[in-house]
Amino acid sequence: MNLIELLKVVFLGVVEGVTEWLPISSTGHMLLVDEFLQMNVSPAFKEMFFVVIQLGAILAVVLLFWEKMWPFQGRDKGPAVKLDTIRMWCKVVVACIPGAVVTILFDDWIEAHLHTPVVIAGALILYGVAFLLIENWNRTRTPKVKSLEDITYRTAFLIGLFQVLSIIPGTSRSGSTIIGALLVGVSRVAAAEFTFFLAVPVMFGLSFLKLLKFGFVFTGAELVTLGVGCAVAFLVSVLVIKFLMGYIKKHDFKVFGWYRIALGIVVLVYFTL
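Residues numbered from 1 in each chain as written. Predicted model: local features only at pLDDT ≥ 70, side-chain atom pairs only at ≥ 80, totals over all residues. Heavy atoms only, no water.

### Looking at the side chain of threonine 171
Here is step 1 of the chain: On the secondary structure map, threonine 171 appears in the loop between helix H8 (153-163) and helix H9 (173-183).
Here is step 2 of the chain: Classification of threonine 171 as buried rests on a relative accessible area of 1%.
Here is step 3 of the chain: Side-chain polar atoms of threonine 171 contact the backbone oxygen of isoleucine 168, separated by 2.9 Å.
Here is step 4 of the chain: Sequence-distant contacts of threonine 171, that is, excluding residues within four places in its chain, are made with Ser25, Ala123, Tyr127, Leu165, Ser166, Ser176 and Arg260. (Helix = DSSP H or I, 4+ residues; strand = E, 2+ residues; numbered from the N terminus. Buried < 20%, exposed > 50% of the residue type's maximum accessible area, 1.4 Å probe, protein only. Polar contact = N/O pair within 3.5 Å; in protein donor to acceptor, adjacent residues only side chain to side chain. Contact = heavy atoms within 4.5 Å.)

### Observations regarding the nonpolar core
Here is step 1 of the chain: Core analysis: the largest hydrophobic core is formed by 77 residues, its most contacted members being Trp21, Phe49, Val61, Phe194 and Phe196.
Here is step 2 of the chain: The element contributing the most residues to this core is helix H10 (residues 188-214), with 13 residues.
Here is step 3 of the chain: With residues near it in sequence (within four places) discarded, phenylalanine 196 still touches Trp21, Ile58, Val61, Phe65, Met69, Ile241, Leu244 and Met245. (Core = buried A, V, L, I, M, F, W, Y, C linked by side-chain atoms within 4.5 Å.)

### Considering helix H6 (residues 79-113)
Here is step 1 of the chain: For H6, which comprises 35 residues, the first-to-last C-alpha distance of 49 Å matches the rise-based estimate of 51 Å (1.5 Å per residue) to within 8%.
Here is step 2 of the chain: Bending of H6 peaks at approximately 60° at the position of phenylalanine 106.
Here is step 3 of the chain: Every buried residue belonging to H6 is among Thr85, Met88, Lys91, Val92, Ala95, Cys96, Pro98, Gly99, Thr103, Asp107 and Ile110, and all of these are buried.
Here is step 4 of the chain: Tucked into the core, H6 has its buried residues touching helix H5 (66-69), H8 and H10. (Expected span 1.5 Å × (residues − 1). Bend = angle between axes of the 7 residues up to and from the residue.)

### Topic: a nonpolar patch on the surface
Here is step 1 of the chain: A surface patch of nonpolar side chains, about 920 Å² in accessible area, is lined by Ile97, Val101, Ile104, Leu105, Phe106, Phe208, Leu209, Leu212 and Phe216.
Here is step 2 of the chain: Looking at the nonpolar patch, the elements that each hand over two or more residues are H6 and H10.
Here is step 3 of the chain: A per-element tally of the nonpolar patch places H6 first, with five residues. (Patch = residues over 30% accessible without salt bridge, like charges linked within 9 Å, V, L, I, M, F, W, Y side chains within 5 Å. Areas by Shrake-Rupley, 256 points an atom, 1.4 Å probe, with all protein chains shown as cover. Salt bridge = Lys/Arg side-chain N within 4 Å of Asp/Glu carboxyl O.)

### Observations concerning H9
Here is step 1 of the chain: Extensive coverage of H9 is indicated by the burial of ten of its eleven residues.
Here is step 2 of the chain: Along H9, the residues that are buried comprise Arg173, Ser174, Gly175, Ser176, Thr177, Ile178, Ile179, Gly180, Ala181 and Leu182.
Here is step 3 of the chain: In this fold, the buried residues of H9 make contact with helix H4 (54-64), helix H7 (117-138), H8 and H10.
Here is step 4 of the chain: Downstream of H9 by one or two residues, glycine 185 has phi in the positive range, about 95°.

### Points about the packing of helix H3 (residues 43-52) against helix H11 (residues 220-247)
Here is step 1 of the chain: Axis separation between H3 and H11 bottoms out at 10 Å; the angle between their running directions is 25°. Between H3 and H11, the crossing angle belongs to the class labelled roughly parallel. Considering how the two elements wind past one another, H3 and H11 form a crossing that is right-handed. The segment H3 lies against H11, with Phe45, Met48, Phe49 and Val52 engaging Glu222, Thr225, Leu226, Gly229 and Cys230. (Axes fitted to C-alpha atoms, helices over the stretch in contact; angles between N-to-C directions. Parallel < 35°, antiparallel > 145°, perpendicular 65-115°, else oblique. Left-handed = near helix turned anticlockwise from the far one by under 90°.)

### Concerning unusual backbone geometry
Here is step 1 of the chain: Although it is not a glycine, serine 25 adopts a positive phi angle of roughly 80°.
Here is step 2 of the chain: Along the polypeptide, serine 25 turns up in the loop between helix H1 (3-19) and helix H2 (26-36).

### Points about the packing of aromatic side chains
Here is step 1 of the chain: Tallying each qualifying case throughout the model produces 15 aromatic pairs.
Here is step 2 of the chain: A ring pair is formed by phenylalanine 36 and phenylalanine 271, whose centres lie 6.2 Å apart and whose planes are at 50°; its orientation type is tilted. With phenylalanine 36 in helix H2 and phenylalanine 271 in helix H12 (residues 254-272), this pair connects stretches of sequence that are 235 residues apart.
Here is step 3 of the chain: Taking relative accessible area as the criterion, phenylalanine 36 reaches 54% and is therefore assigned exposed.
Here is step 4 of the chain: An aromatic cluster of at least three residues, connected via ring pairs, comprises Phe45, Phe49, Phe50, Phe214 and Phe218.
Here is step 5 of the chain: Above the ring of tyrosine 153, the side-chain terminus of lysine 91 is found at 5.7 Å from the ring centroid. (Phe/Tyr/Trp six-rings, centres within 6.5 Å; stacked < 30°, edge-to-face > 60°. Lys NZ or Arg CZ within 6 Å of the ring centre and 35° of its normal.)

See below:
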């Protein structure tokens, strides 16, 4: 791998690390960046790389939330707290069911027909507007669910239904789950934390499916590409997650809505005119 190709991988790792956790669509950004900064790899490897690079991002979540996610250890974890953590993972499984069914049934069709700049632009704008409308609506509402422990199985399943929307490129997995959580009365902080929990099995599952489809056989250059991409995504994700959790304690999600709308318009104009 030459220096230019290595810099491309590093840049894509940065894009993944920034956009995976901010509700602005990592897949959409990766596909758009690829229009201008194409990697010198096979189409099959690129398709797999754009999904598996997310493992770096999810490992950042595991690192930062380990004590909260792992039920069997922790300085202040008594039996009740450990049981709450196990229950939370059961709720995550419930939330994963709708997305898993839709992904298995329609993933190949969506990749073949919807991974286009126009679809990405439309999703960016649509959900950008949704964030603005929902945050305006939330001004007059008090969240019914203020912590992870307050999320019920019904609420988890409803959030999982919204996550199904993220299969369309440009939507954002974190964005769709956060929008769903806000609509059903979950606070911003609890919505973001549940999104992190939900991302762990979803990303590991998607990555395994892509690796299985690709065949687990790599050249030396391909292994370096995956390793560097995941490592950069991991390091950047650590910083972005810390920023996001601090930001939403004092601000709403409107800035991300405006960003999505602006980017969507730019993409639409660029690729259609």
